[in-house]
Number of protein chains: 2
Amino acid sequence: MNILLASTSTLFGGQYLEYIREEIIKLFNGADEIIFVPFARPGGISHDEYTDKARSFFSTINIKVKGLHEFDNPVEALNEAKGYFTGGGNTFLLVKTLHEQGLLPVLKQNVESGKPYMGASAGSNIGGLNMRTTNDMPIVYPPSFECMGLVPFNLNPHYLDPNPELHHNGETRETRILEFLTQNDTPVVGLREGNWIRRIGDKITTEGSELTRIFERGKEPYEIEAGSELKF
Amino acid sequence: MNILLASTSTLFGGQYLEYIREEIIKLFNGADEIIFVPFARPGGISHDEYTDKARSFFSTINIKVKGLHEFDNPVEALNEAKGYFTGGGNTFLLVKTLHEQGLLPVLKQNVESGKPYMGASAGSNIGGLNMRTTNDMPIVYPPSFECMGLVPFNLNPHYLDPNPELHHNGETRETRILEFLTQNDTPVVGLREGNWIRRIGDKITTEGSELTRIFERGKEPYEIEAGSELKF
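Residues numbered from 1 in each chain as written. Chains lettered and ligands numbered in written order. Predicted model: local features only at pLDDT ≥ 70, side-chain atom pairs only at ≥ 80, totals over all residues. Heavy atoms only, no water.

In the annotation of an unreviewed UniProt entry, chain A is listed under the name Dipeptidase PepE and assigned to Elizabethkingia anophelis R26.

Trainee: Outline helix H2 (residues 47-59) of chain B, supporting the account with residue identities and numerical values.
Mentor: Residues and elements named next belong to chain B. Spanning 13 residues, H2 covers 18 Å between terminal C-alpha atoms, matching the ideal 18 Å at 1.5 Å per step. Residues of H2 that are buried include every one of Tyr50, Thr51, Ala54, Phe57 and Phe58, and no others. Angular distribution of buried residues about the axis of H2 spans 120°; they occupy a single face of the element. The elements touched by buried residues of H2 are helix H1 (21-27), strand S2 (33-37), strand S3 (64-67) and strand S4 (84-86). (Helix = DSSP H or I, 4+ residues; strand = E, 2+ residues; numbered from the N terminus. Expected span 1.5 Å × (residues − 1). Buried < 20%, exposed > 50% of the residue type's maximum accessible area, 1.4 Å probe, protein only. Arc of directions from axis to C-beta. Contact = heavy atoms within 4.5 Å.)

Trainee: Requested: an account of the packing of aromatic side chains, with residues and values cited.
Mentor: Counting across every chain of the model gives 24 aromatic pairs over all chains. An angle of 75° between the planes, with centres 5.8 Å apart, marks the rings of Phe28(B) and Phe58(B) as edge-to-face. One end of the pair, Phe28(B), is in the loop between H1 and S2; the other, Phe58(B), is in helix H2, and 30 residues separate them in sequence. Here Phe28(B) and Phe58(B) have matching classes, each one buried. Grouping aromatic residues by their ring pairs yields a cluster made of Phe28(A), Phe36(A), Tyr50(A), Phe57(A), Phe58(A) and Phe85(A). Just above the ring of Tyr16(A) sits the side chain of Lys53(A); from NZ or CZ to the centre is 4.6 Å. The ring of Tyr50(B) is capped by Arg41(B), whose NZ or CZ atom sits 4.6 Å from the centre of that ring. (Phe/Tyr/Trp six-rings, centres within 6.5 Å; stacked < 30°, edge-to-face > 60°. Lys NZ or Arg CZ within 6 Å of the ring centre and 35° of its normal.)

Trainee: Which residues make up the sheet that holds strand S6 (residues 154-156) of chain B, and what values do they have?
Mentor: All names here are of chain B. Spatial strand order, S6-S7-S10-S11: four strands in an open sheet with mixed pairing. With partners counted over all chains shown, the strands left at the sheet margins are S6 and strand S11 (222-224), one partner each. Pairs of neighbouring strands in the sheet enclose a mean axial angle of 30°, with direction left out of account. Here strand S10 (residues 212-215) runs beside S11; their pairing, made up of three bridges, is antiparallel. (Pairing = 2+ DSSP bridges. Axes fitted to C-alpha atoms, helices over the stretch in contact; angles between N-to-C directions.)

Trainee: Got a sec to walk through the sheet that holds strand S11 (residues 222-224) of chain A? Specific residues and values, please.
Mentor: Two orientations exist for strands paired in a sheet by backbone hydrogen bonds: parallel and antiparallel. Residues and elements named next belong to chain A. The sheet built from four strands is open, its strands ordered S6-S7-S10-S11 with mixed pairing. Two strands in the sheet have a free side with no partner beyond their single neighbour: strand S6 (154-159) and S11. Taking the axes of each pair of neighbouring strands and ignoring which way they run, one obtains an average angle of 30° across the sheet. Against the sheet, helix H7 (residues 173-183) contacts S6, strand S7 (188-192) and strand S10 (212-215), and its axis sits at roughly 170° relative to S6.

Trainee: Pulling in residues and values, what's your account of the environment of Gln15(A)?
Mentor: Residues and elements named next belong to chain A. Relative to the elements of secondary structure, Gln15 occurs in the loop between strand S1 (2-6) and helix H1 (21-27). Judged by relative accessible area, which is 58%, Gln15 ranks as exposed. Considering only alpha carbons, one finds Gln15 and Asn195, 180 residues apart in sequence, at a separation of 16 Å. Dropping the residues within four chain positions of it, Gln15 is found in contact with Ser9 and Thr10.

Trainee: Provide a residue-level description of the pairing of strand S3 (residues 64-67) of chain A, including the pertinent values.
Mentor: All names here are of chain A. Only one face of S3 is buried: it carries Val65 and Gly67, and the other face, with Lys64 and Lys66, is open. In this structure, strand S2 (residues 33-37) lies alongside S3, joined through four bridges in parallel fashion. Looking across to S3, one finds that Ile34 is bridged to Val65. Running through helix H2 (residues 47-59), the crossover from S2 to the neighbouring parallel element S3 is right-handed. (Right-handed = clockwise from strand over helix to strand, strands pointing away.)

Trainee: An account of the relation of the copies chain B and chain A is needed here, citing residue identities and associated values.
Mentor: Between chain B and chain A, which share one sequence, the superposing operator has a rotation angle of 180° and an axial displacement of 0.0 Å; the RMSD is 0.0 Å. Such a combination of turn and shift is consistent with a two-fold rotation axis. A shared binding surface is used by both copies, with 100% of the interface residues of chain B retained as interface residues in chain A. (Least-squares fit on C-alpha atoms with pLDDT ≥ 70 in both.)

So this is what it looks like as structure tokens:
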């Protein structure tokens with residue numbers, strides 16, 4: 001497999017996908033056209049506009065982009081595509097749409113056959129085993145929380161450390177993930193912004209500018225450095 | 001109806017339920033025993049321990065507390081109870097447990113018949129129409145997101161204003177609620193910590209030390225003062 005799952009599309013003060021440009025070039029090496037999955041975006045921007053945003057970046061690295069919503073037969077489109085990028089937004093909306101259209105198993109099969117896949121935020125969540133560690137608000141009810149399992153764990157994109165200056169009693173991100181572990185025996189990779197997961201064949205590593213925080217049932221959460229292999 | 005839905009159980013630096021003591025005394029006036037619903041708490045503390053925490057507070061106002069988990073027949077227990085308090089934690093776990101045991105309609109019917117109900121955080125969410133505006137992580141998959149609809153809107157407890165100093169690309173609370181409104185035509189009451197909703201008969205008001213932020217489809221979000229009546 002050939003996969004890149006990024007915490008975020010955009011770093012604070014940066015341009016869309018710019019911080020990860022070199023990795024994207026390597027990931028999609030040899031593909032001159034990919035499919036963009038725009039379904040996570042719930043409002044303010046149409047599927048066409050969201051696809052244009054991705055298209056604008058990929059044009060700078062000579063890759064054409066088609067939106068999955070443009071096809072009458074999205075299953076056929078996925079099967080014929082050379083690569084995939086799923087943008088961020090609301091994971092509940094993304095997973096609901098993909099399940100209802102029967103597209104998750106099709107995408108999974110194609111990626112498992114070796115076609116390159118990139119996700120950002122919600123698009124990375126669907127590469128995990130399920131979406132039970134998303135940060136998003138459950139604005140719609142998906143028929144299932146199951147995802148593609150392109151990696152044998154769950155992700156928490158936009159992982160955020162506790163802020164001791166915040167005088168607020170909502171749960172911290174770490175508390176939420178530890179609560180997940182009381183109900184699920186599934187490792188969780190807390191991906192800070194600036195970090196991503198890279199899978200090449202069977203080797204899965206964490207990459208990027210920050211340490212990555214790992215949560216496993218029965219262990220204290222721990223930090224690993226960029227380049228570390230993930231083996232659960 | 002006689003209802004109190006609080007944003008949080010505990011203010012920063014404060015003691016459990018202390019900030020809202022006088023309101024609780026008024027709400028449960030005449031009841032010498034209530035049932036505590038402990039199902040939202042996913043870990044670190046058992047249902048017994050969580051019930052003890054509530055019991056400890058209520059003993060100071062001469063009200064006995066029994067945990068709903070203590071009964072062999074929870075439906076009968078709800079029907080025979082004089083009042084209810086549902087504590088906070090994870091709304092997904094709370095709603096899943098209540099749906100699976102068939103308890104939501106029983107609780108709803110009793111509250112609609114006039115028995116006092118209090119919720120804090122997740123326990124307040126279930127008083128709304130559905131749980132689609134919870135902040136919680138979807139650590140389990142409930143059979144439905146529908147709630148009791150004791151008030152004709154949804155709540156967002158622990159409502160948090162955007163923090164301009166946070167250099168992070170996760171969505172703000174306001175963005176999430178506006179995304180909810182693209183998919184649902186349901187008003188949302190953003191309850192800052194320190195605030196609560198009070199329903200006495202047909203009159204529903206916001207109360208507490210902070211302004212309350214209201215979100216309706218097709219309108220700019222707006223603020224209302226304590227004591228304002230909620231009419232949608």
